[in-house]
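# Survey of secondary and tertiary structure
Each chain, written out:
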Amino acid sequence: MSSFIPRPTLDLIDLLLGEHAALLSLLRYLDNHRPSMDLTALREAARALEAVLMAHAIEEDSLLFHALPADQRGVRETLDAMFAEHNEQRRLLSELLAAEELPAARSLMKRVIELTREHFAVEERVLFGLARQILPLERLTDLGAEFARRRGISRPS
Ligand SMILES: [Fe+2]
Ligand SMILES: [Fe+2]
């Protein structure tokens, strides 16, 4: 008897949601530990957060945002807002990395955590649904394959 079990194909939205899940776990950890972290610990955490969050934003910008028709009603406004929030995340993290005072660093960490949670919620509620309505599944699957290749993960065929 064959043990073959058909798997649904992962598309770009599934993969981005997986990264949101991992990043939300990291944000929860940082939010819980933020009150007891000193300046050095906050800066190290900010560097790690910057690495994963910016990698996520870069793939979203280059794969998903570029694939969507910016001239379509509702799309331009959503993309502009999401792109501006990626820049705001980047700005808050560099401000945090340069912070000299502990209260300022703690408050900047709180702001970047809150902004990122709200940003993910809007992407999940608005942008990803829009992408699934507009882009054919085959296109999203091809973009998912490119995302996996860039991340260096292998996927079952
Ligand atoms: Fe994003
Ligand atoms: Fe995202």
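I will try to describe carefully the structure that is included in this document. Note on numbering: residues in each chain are counted from 1, in written sequence order. Chain letters start at A and ligand numbers start at 1, both assigned in the order the entries are written. This being a predicted model, a pLDDT of at least 70 is required before a residue's local features are given, and a value of 80 or more before pairs of side-chain atoms are given or counted; all residues contribute to the totals for chains, interfaces and linings.

## Focus: the overall build of the protein chain
Here is the rule: The way it works is that DSSP assigns letters per residue, a run of H or I at least four long becomes a helix, a run of E at least two long becomes a strand, and they are numbered from the N terminus. Exposure in this text rests on C-beta crowding, where 20 or more other C-beta atoms within 10 Å of a residue's own make it buried, 12 or fewer make it exposed, and counts in between make it partly exposed. The C-beta atoms are placed from the backbone. Whether two residues are in contact is decided by their C-beta atoms, placed from the backbone, lying within 7 Å.
For the protein chain, the helix and strand inventory stands at 5 helices and 0 strands. Reading the secondary structure of the protein chain in the N-to-C direction produces α-α-α-α-α. When the backbone C-alpha atoms are referred to their principal axes, the protein chain occupies close to 60 × 45 × 25 Å. Out of the 157 residues in the protein chain, the part that is buried amounts to 22%. If you take every contact in the protein chain between residues at least 6 apart in sequence, the share linking residues at least 24 apart comes to 76%.

## Side note on the nonpolar core
As a reminder of what qualifies: A set of buried Ala, Val, Leu, Ile, Met, Phe, Trp, Tyr and Cys residues, joined through C-beta atoms within 7 Å, is what we mean by a nonpolar core.
Core analysis: the biggest nonpolar cluster contains 13 residues, and Leu 12, Ile 13, Ala 131 and Leu 140 have the highest contact counts within it. Of all the secondary structure elements, the ones that give two or more residues to this core are α1 (12–33), α2 (39–67), α4 (102–134) and α5 (137–151). Take this core: its biggest share by element is 4 residues, from α1. With sequence-adjacent residues up to four places away left out, Ile 13 is seen in contact with Phe 128, Ala 131, Arg 132 and Leu 140.

## Quick look at α4
The cut-off we apply is this: A helix is expected to span 1.5 Å multiplied by its residue count minus one. Note that the bend at a residue is defined as the angle between axes fitted to the seven residues ending at it and the seven residues starting at it.
The end-to-end C-alpha distance of α4, which contains 33 residues, comes to 46 Å, matching closely the 48 Å that a straight helix rising 1.5 Å per residue would cover. Taken as a whole, α4 carries its principal kink of about 40° at Glu 123. For α4, the set of buried residues is Ala 105, Leu 108, Met 109, Val 112, Thr 116, His 119, Phe 120, Glu 123, Leu 127 and Ala 131. In this structure, the buried residues of α4 make contact with α1, α2 and α3 (75–98).

## Some points on α2
Spanning 29 residues, α2 covers 40 Å between terminal C-alpha atoms, matching the ideal 42 Å at 1.5 Å per step. Of all the bends in α2, the greatest measures close to 35° and is centred on Asp 61. Within α2, the full set of buried residues consists of Leu 42, Ala 46, Leu 49, Leu 53, Ala 57, Glu 59, Glu 60, Leu 64 and Phe 65. Where the residues of α2 are buried, they touch α1, α3, α4 and α5.

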